[in-house]
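Structural overview for review
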Amino acid sequence: RQILAILKDNNIKATFFVVGVNARKYADVIKEIRDQGHVIASHSQTHPMLTKLNNTTLNFEVAEPSVIVNDIIGIKPKCLRYPFGASNEHVRTVIREHGMQPVAMGFNSFDYERPGTQKIADQILNNSYPRMVILLHDGYDKREQTVAALPIIIEGIKKKGLGFSAICG
(Lines give C-alpha, C1' and ligand atoms only; values in the text may rest on other atoms or scores of the structure.)
Protein backbone atom coordinates (compact mmCIF):
# COMPACT_ATOMS: atom_id res chain seq x y z
CA ARG A 1 0.00 0.00 0.00
CA GLN A 2 2.96 2.33 0.55
CA ILE A 3 4.01 1.78 -3.06
CA LEU A 4 0.48 2.48 -4.24
CA ALA A 5 0.46 5.74 -2.27
CA ILE A 6 3.77 6.85 -3.79
CA LEU A 7 2.57 6.05 -7.31
CA LYS A 8 -0.70 7.89 -6.68
CA ASP A 9 1.09 10.97 -5.30
CA ASN A 10 3.18 11.08 -8.47
CA ASN A 11 0.32 10.26 -10.87
CA ILE A 12 2.17 7.20 -12.18
CA LYS A 13 0.62 3.99 -13.43
CA ALA A 14 2.57 0.76 -13.10
CA THR A 15 2.25 -2.92 -13.89
CA PHE A 16 2.14 -5.33 -10.97
CA PHE A 17 3.19 -8.86 -11.87
CA VAL A 18 1.50 -10.87 -9.15
CA VAL A 19 2.10 -14.40 -7.92
CA GLY A 20 -1.20 -16.28 -7.81
CA VAL A 21 -0.92 -17.52 -4.23
CA ASN A 22 -0.28 -13.94 -3.10
CA ALA A 23 -3.14 -12.57 -5.20
CA ARG A 24 -5.51 -15.00 -3.48
CA LYS A 25 -4.11 -14.12 -0.04
CA TYR A 26 -4.22 -10.34 -0.64
CA ALA A 27 -7.32 -9.99 -2.81
CA ASP A 28 -8.10 -6.63 -1.23
CA VAL A 29 -4.74 -5.27 -2.39
CA ILE A 30 -5.33 -6.64 -5.90
CA LYS A 31 -8.62 -4.73 -5.96
CA GLU A 32 -6.87 -1.55 -4.81
CA ILE A 33 -4.23 -1.91 -7.51
CA ARG A 34 -6.94 -2.23 -10.14
CA ASP A 35 -9.07 0.54 -8.64
CA GLN A 36 -6.11 2.93 -8.85
CA GLY A 37 -5.76 2.20 -12.58
CA HIS A 38 -2.65 0.02 -12.52
CA VAL A 39 -2.22 -3.09 -14.65
CA ILE A 40 -2.27 -6.50 -13.03
CA ALA A 41 -0.30 -9.18 -14.84
CA SER A 42 0.83 -12.67 -13.87
CA HIS A 43 4.10 -13.89 -12.37
CA SER A 44 3.05 -17.58 -12.11
CA GLN A 45 1.18 -19.35 -9.34
CA THR A 46 4.01 -20.13 -6.90
CA HIS A 47 7.13 -18.54 -8.47
CA PRO A 48 8.98 -21.68 -9.64
CA MET A 49 11.61 -21.99 -12.35
CA LEU A 50 9.15 -22.65 -15.20
CA THR A 51 11.81 -24.23 -17.43
CA LYS A 52 12.19 -27.12 -14.95
CA LEU A 53 8.54 -28.13 -14.73
CA ASN A 54 6.67 -30.99 -16.39
CA ASN A 55 3.81 -30.01 -18.71
CA THR A 56 1.04 -30.53 -16.16
CA THR A 57 2.70 -28.37 -13.53
CA LEU A 58 3.77 -25.76 -16.08
CA ASN A 59 0.20 -25.41 -17.34
CA PHE A 60 -1.07 -25.05 -13.78
CA GLU A 61 1.56 -22.40 -12.95
CA VAL A 62 0.59 -20.42 -16.04
CA ALA A 63 -3.20 -20.86 -15.93
CA GLU A 64 -4.13 -20.66 -12.24
CA PRO A 65 -3.14 -17.03 -11.57
CA SER A 66 -5.42 -15.91 -14.41
CA VAL A 67 -8.33 -17.71 -12.79
CA ILE A 68 -7.55 -16.17 -9.39
CA VAL A 69 -7.10 -12.61 -10.72
CA ASN A 70 -10.23 -12.92 -12.86
CA ASP A 71 -12.21 -14.11 -9.82
CA ILE A 72 -11.00 -11.08 -7.85
CA ILE A 73 -11.33 -8.26 -10.40
CA GLY A 74 -13.10 -9.73 -13.42
CA ILE A 75 -10.11 -9.25 -15.70
CA LYS A 76 -7.61 -11.88 -16.84
CA PRO A 77 -3.95 -10.86 -17.00
CA LYS A 78 -2.69 -10.18 -20.52
CA CYS A 79 0.94 -10.94 -19.74
CA LEU A 80 3.06 -13.28 -17.68
CA ARG A 81 6.59 -12.44 -16.56
CA TYR A 82 8.41 -15.68 -15.98
CA PRO A 83 10.16 -16.01 -12.59
CA PHE A 84 13.93 -15.61 -12.43
CA GLY A 85 13.94 -14.38 -16.03
CA ALA A 86 14.09 -18.04 -17.04
CA SER A 87 12.23 -19.15 -20.14
CA ASN A 88 12.59 -21.19 -23.27
CA GLU A 89 10.48 -21.59 -26.38
CA HIS A 90 8.26 -24.22 -24.74
CA VAL A 91 7.51 -21.99 -21.73
CA ARG A 92 6.75 -19.01 -23.97
CA THR A 93 4.49 -21.19 -26.16
CA VAL A 94 2.52 -22.41 -23.12
CA ILE A 95 2.10 -18.82 -21.92
CA ARG A 96 0.76 -17.82 -25.36
CA GLU A 97 -1.54 -20.89 -25.44
CA HIS A 98 -3.14 -19.52 -22.26
CA GLY A 99 -3.84 -16.20 -23.99
CA MET A 100 -1.01 -14.17 -22.51
CA GLN A 101 2.14 -12.56 -23.79
CA PRO A 102 5.41 -13.68 -22.20
CA VAL A 103 7.38 -10.77 -20.73
CA ALA A 104 11.11 -10.72 -20.06
CA MET A 105 12.55 -9.56 -16.76
CA GLY A 106 13.49 -6.05 -17.77
CA PHE A 107 16.16 -4.19 -15.80
CA ASN A 108 16.69 -6.04 -12.53
CA SER A 109 17.25 -3.62 -9.66
CA PHE A 110 18.34 -6.45 -7.34
CA ASP A 111 16.32 -4.70 -4.62
CA TYR A 112 15.49 -8.11 -3.12
CA GLU A 113 19.13 -8.31 -1.98
CA ARG A 114 18.45 -5.24 0.21
CA PRO A 115 21.68 -3.40 -0.71
CA GLY A 116 20.48 -0.07 0.68
CA THR A 117 18.02 2.56 -0.47
CA GLN A 118 20.52 4.76 -2.29
CA LYS A 119 22.20 1.82 -4.00
CA ILE A 120 18.86 0.63 -5.38
CA ALA A 121 18.08 4.12 -6.69
CA ASP A 122 21.58 4.66 -8.12
CA GLN A 123 21.55 1.27 -9.86
CA ILE A 124 18.38 2.23 -11.71
CA LEU A 125 19.17 5.87 -12.38
CA ASN A 126 22.71 5.19 -13.62
CA ASN A 127 21.38 2.67 -16.12
CA SER A 128 18.02 4.12 -17.16
CA TYR A 129 17.13 4.80 -20.77
CA PRO A 130 13.92 5.40 -22.75
CA ARG A 131 11.43 2.50 -22.78
CA MET A 132 13.37 0.59 -20.13
CA VAL A 133 11.28 -1.74 -17.99
CA ILE A 134 12.35 -1.44 -14.35
CA LEU A 135 11.92 -4.46 -12.11
CA LEU A 136 11.23 -3.77 -8.44
CA HIS A 137 9.85 -6.18 -5.87
CA ASP A 138 7.09 -5.63 -3.33
CA GLY A 139 6.56 -9.05 -1.81
CA TYR A 140 7.95 -11.99 0.14
CA ASP A 141 10.33 -10.15 2.44
CA LYS A 142 10.84 -6.76 4.02
CA ARG A 143 10.83 -4.10 1.29
CA GLU A 144 11.48 -0.90 3.25
CA GLN A 145 14.48 -0.10 1.05
CA THR A 146 12.44 -0.48 -2.13
CA VAL A 147 9.68 1.71 -0.75
CA ALA A 148 12.21 4.35 0.35
CA ALA A 149 14.04 4.22 -3.00
CA LEU A 150 10.90 4.67 -5.12
CA PRO A 151 10.49 8.47 -4.64
CA ILE A 152 14.22 8.93 -5.36
CA ILE A 153 13.89 6.86 -8.52
CA ILE A 154 10.80 8.76 -9.65
CA GLU A 155 12.48 12.13 -9.13
CA GLY A 156 15.65 10.98 -10.91
CA ILE A 157 13.75 9.56 -13.89
CA LYS A 158 11.86 12.84 -14.24
CA LYS A 159 15.11 14.86 -14.03
CA LYS A 160 16.49 12.75 -16.87
CA GLY A 161 13.50 13.78 -18.97
CA LEU A 162 12.11 10.26 -19.04
CA GLY A 163 8.55 9.24 -18.24
CA PHE A 164 6.51 6.35 -16.92
CA SER A 165 3.96 3.97 -18.34
CA ALA A 166 2.49 0.61 -17.54
CA ILE A 167 3.09 -2.39 -19.77
CA CYS A 168 0.60 -5.13 -20.66
CA GLY A 169 -2.32 -2.75 -20.33
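Before any of the text, the structure's been laid out above.
Residues numbered from 1 in each chain as written. Predicted model: local features only at pLDDT ≥ 70, side-chain atom pairs only at ≥ 80, totals over all residues. Heavy atoms only, no water.

As a further point, take the side chain of S42. Summarising the element assignment, S42 is placed in strand β2 (residues 39-42). Residues in contact with S42, not counting those within four places in the same chain, are F17, V18, P65, P77, C79, L80, R81 and M100. (Helix = DSSP H or I, 4+ residues; strand = E, 2+ residues; numbered from the N terminus. Contact = heavy atoms within 4.5 Å.)

Turning to the pattern of salt bridges, a few remarks are in order. All chains considered together, the criterion is met by eight salt bridges. Measuring nitrogen to oxygen at the nearest pair gives 2.7 Å for the salt bridge that ties D28 to R1. Here the residue D28 occupies a position in helix α3 (residues 27-35), and R1 occupies one in the segment before α1 (2-9), the gap between them amounting to 27 residues. In this structure R1 comes out as exposed when scored by relative accessible area, which is 53%. (Salt bridge = Lys/Arg side-chain N within 4 Å of Asp/Glu carboxyl O. Buried < 20%, exposed > 50% of the residue type's maximum accessible area, 1.4 Å probe, protein only.)

Let's shift gears to the state of the cysteines. By definition, a disulfide links the sulfur atoms of two cysteine residues through a covalent bond. Counting across every chain of the model gives one disulfide. Two residues, C79 and C168, share a disulfide whose sulfurs are 2.2 Å apart. Looking down the S-S bond of the C79 and C168 bridge, the torsion is -110°, so its handedness is left-handed. Note that C79 is positioned in strand β3 (residues 79-81) and C168 in the segment after α7 (144-159), a separation of 89 residues in sequence. For the pair shown, C79 and C168 are each scored as buried. (Disulfide = S-S within 2.5 Å.)

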